[in-house]
Amino acid sequence: MEIIRGRTHYDGTVAALGNFDGLHVAHMTIIRNAIRYAAEHNLKSGVLLFDENTKGITQGSIELITPNEAKLELLERERLDFVFMEKFDKEFMKKTPEEFIRYLVDNLKVKAVCVGYDYSFGYNAQGDVELLRYFGRQYGFEVIVTDAISIDGILVASTDIRQLIKSGDMEQAEKFLGRRYCIEGHVVKGLQNGTKMGIPTANVDYDVNMALPKEGVYAGITYVDGKRLKSVINVGRNLTFGAKKLTVESHILNFNENIYDKYIRVSFAKRLRDVVRFNSIDELIKQIKSDIISISDMDL
C-alpha cells in the first residue's frame, strides 16, 4: 500500500471518502466497496485520510477512537493500493464543495468515489450526496453510496462507539468497531507499586486524546513484539495508594521480561469490575490475584 502526498501518479482511482475517525464496521464497508469497484473496473483503490481529525478542527477537540498509525495498519490488511494523506487545516476547510471536487479530480484522478449515505463535504458541510452525484455527472466520475448499517437495531456511528467505550461496554464496542478497542504507546516507569507487590504492570504512555474506557479493571490482550499475551488491564487512579494520575496499566500473565520503552498495544475484551479503594495492600493483592485467576481460563 502506497502513502501518497501531493498528487497521485495513477491514471484513475476509486477513492473512499469520509471522516473515517473510527474505521468502524460502516467505514470499512465503504472502503471495501471501493476496493471491489476498483477491481471490477481496472482502477486503483484508495482512501483519503487527513493528518488531523476533521471534526477536531471544525468542532474543537475530539476523543480519538483510532489514531492514524493504527488506521494505516488496518488499511494495509485490506490490500488497498494507496492512502492519500492530506493536511486538514483552516485553508483546506474553507474549500467550497466544487473546489473540493476539483481537488479530487486533479490530485486523486478519481473515476469513482465511495461514500456513506450521510456524507457531506465542502465549507460548513454545504455539499451532500445529491450534490456529489451532480458533480459526478459534471466531472465524469461515478458515485457509489453505502446505506446506513445497523447492528442489533442500532445505527453504527462513531459517536455511539465513543459512548460505549466510555461506559466500559467493550463487548458492544467490539461489535460496532469490528475489532477490539485498543490503547497503545511506549511502556514508561510509573510508581512501580505493582512491582513492589510482586505483580508488575506495564504502564502505557497513551495519547491523551484517545477515548478512554470507563475506569475499572478489564480482561484483555497485550501485544508485545508480535506476542499475544493475556492481561489484566487497569484503567484509572490507584485509589489504595492515593494516586491522582489516571493510568492505563497492564499486568501480563506469566510474563517477566523487561519491556520498558517498548511500544505495546493493549486490547480490551471485557470489563471485570470497578476500581476499588481497599483497606490494605494485602486486600488489593488478593483481589488482583483473583482477577488473574478469573481470566486465566477465558478464551480471549
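Residues numbered from 1 in each chain as written. Predicted model: local features only at pLDDT ≥ 70, side-chain atom pairs only at ≥ 80, totals over all residues. Heavy atoms only, no water.

A.B. asks: Please explain the nonpolar core as it appears in this structure.
C.D. replies: In summary, soluble globular proteins display a tendency toward joint burial of nonpolar side chains. Counting residues in each nonpolar core, the largest one holds 34 residues, and the members touching the most others are Ile165, Tyr181, Ile183, Val248, Ile259, Ile264 and Phe268. Among the secondary structure elements, those contributing two or more residues to this core are α7 (158-167), α8 (170-177), β9 (181-188), β10 (202-206), β11 (216-224), β12 (227-236), β13 (247-252) and β14 (263-273). Among the elements that line this core, the one with the most residues is α8, at four residues. Residues Tyr10, Leu17, Val113 and Leu132 belong to the second largest nonpolar core, which totals 26 residues. (Core = buried A, V, L, I, M, F, W, Y, C linked by side-chain atoms within 4.5 Å. Buried < 20%, exposed > 50% of the residue type's maximum accessible area, 1.4 Å probe, protein only. Helix = DSSP H or I, 4+ residues; strand = E, 2+ residues; numbered from the N terminus.)

A.B. asks: I'm lost on the packing of helix α5 (residues 97-108) against helix α6 (residues 129-139) in this one. Help?
C.D. replies: The description of two packed helices rests on the angle between their axes and on the distance between the axes. Their axes nearest at 11 Å, the elements α5 and α6 cross at an angle of 50°. Considering their axes alone, α5 and α6 lie oblique with respect to each other. Between α5 and α6 lies a crossing of right-handed hand. Here Pro97, Glu98, Ile101, Arg102 and Val105 of α5 lie close against α6, whose contacting residues are Leu131, Leu132, Phe135 and Tyr139. In terms of residue class, the contact of α5 with α6 is made up of seven nonpolar, no polar and two charged. (Axes fitted to C-alpha atoms, helices over the stretch in contact; angles between N-to-C directions. Parallel < 35°, antiparallel > 145°, perpendicular 65-115°, else oblique. Left-handed = near helix turned anticlockwise from the far one by under 90°. Contact = heavy atoms within 4.5 Å. Nonpolar A, V, L, I, M, F, W, Y, C, P; charged D, E, K, R; others polar.)

A.B. asks: How should the sheet that holds strand β4 (residues 82-86) be read in this particular structure?
C.D. replies: Strands in a sheet are paired, the pairing made by backbone hydrogen bonds, and the direction either parallel or antiparallel. If you walk across this open sheet you meet the six strands as β1-β4-β3-β2-β5-β6, and the pairing is parallel. One side of each edge strand has no neighbouring strand; the edge strands of this open sheet are β1 (2-4) and β6 (142-146). Along the sheet, successive strands turn relative to each other by an average axial angle of 25°, direction set aside. With respect to the sheet, helix α3 (residues 68-77) is in contact with β1, β3 (44-50) and β4, its orientation differing from that of β3 by roughly 170°. (Pairing = 2+ DSSP bridges.)

A.B. asks: It is not clear to me how the environment of Val204 should be interpreted in this structure. Could you clarify?
C.D. replies: Relative to the assigned elements, Val204 resides in strand β10. The spatial distance from the C-alpha of Val204 to the C-alpha of Ala157 is 27 Å, given a sequence separation of 47 residues. Ignoring any residue separated from it by four or fewer positions in sequence, one finds Val204 in contact with Ile183, Glu184, Gly185, His186, Val248, Ile264 and Val266.

A.B. asks: Help me out: how do you make sense of helix α1 (residues 25-40) in this one?
C.D. replies: Each α-helix turn comprises 3.6 residues. Residues three or four places apart therefore point the same way. Its 16 residues give α1 an end-to-end C-alpha distance of 22 Å, which sits within 8% of 22 Å, the value for a rise of 1.5 Å per residue. All of the buried residues in α1 are Ala26, His27, Met28, Ile30, Ile31, Asn33, Ala34, Ile35, Tyr37 and Ala38. In this fold, the buried residues of α1 make contact with β2 (13-16), β3, α3, β5 (110-116), β6 and α7. Just beyond α1, the residue with positive phi is Asn42, at close to 55°. (Expected span 1.5 Å × (residues − 1).)

A.B. asks: Would you explain the packing of aromatic side chains in this entry?
C.D. replies: The geometry of an aromatic ring pair is captured by the separation of the ring centres together with the interplanar angle, meaning the angle of the planes. Enumeration over the complete set of coordinates arrives at 13 aromatic pairs. Aromatic side chains Phe50 and Phe92 sit 5.4 Å apart centroid to centroid with 70° between the ring planes, which places their arrangement in the edge-to-face category. Of this pair, Phe50 sits in strand β3 while Phe92 sits in helix α4 (residues 90-93), and the two are 42 residues apart along the sequence. Phe50 sits in the buried class, given a relative accessible area of 13%. Taking the relative accessible area as the measure of exposure, Phe92 reaches 9% and is therefore buried. (Phe/Tyr/Trp six-rings, centres within 6.5 Å; stacked < 30°, edge-to-face > 60°.)

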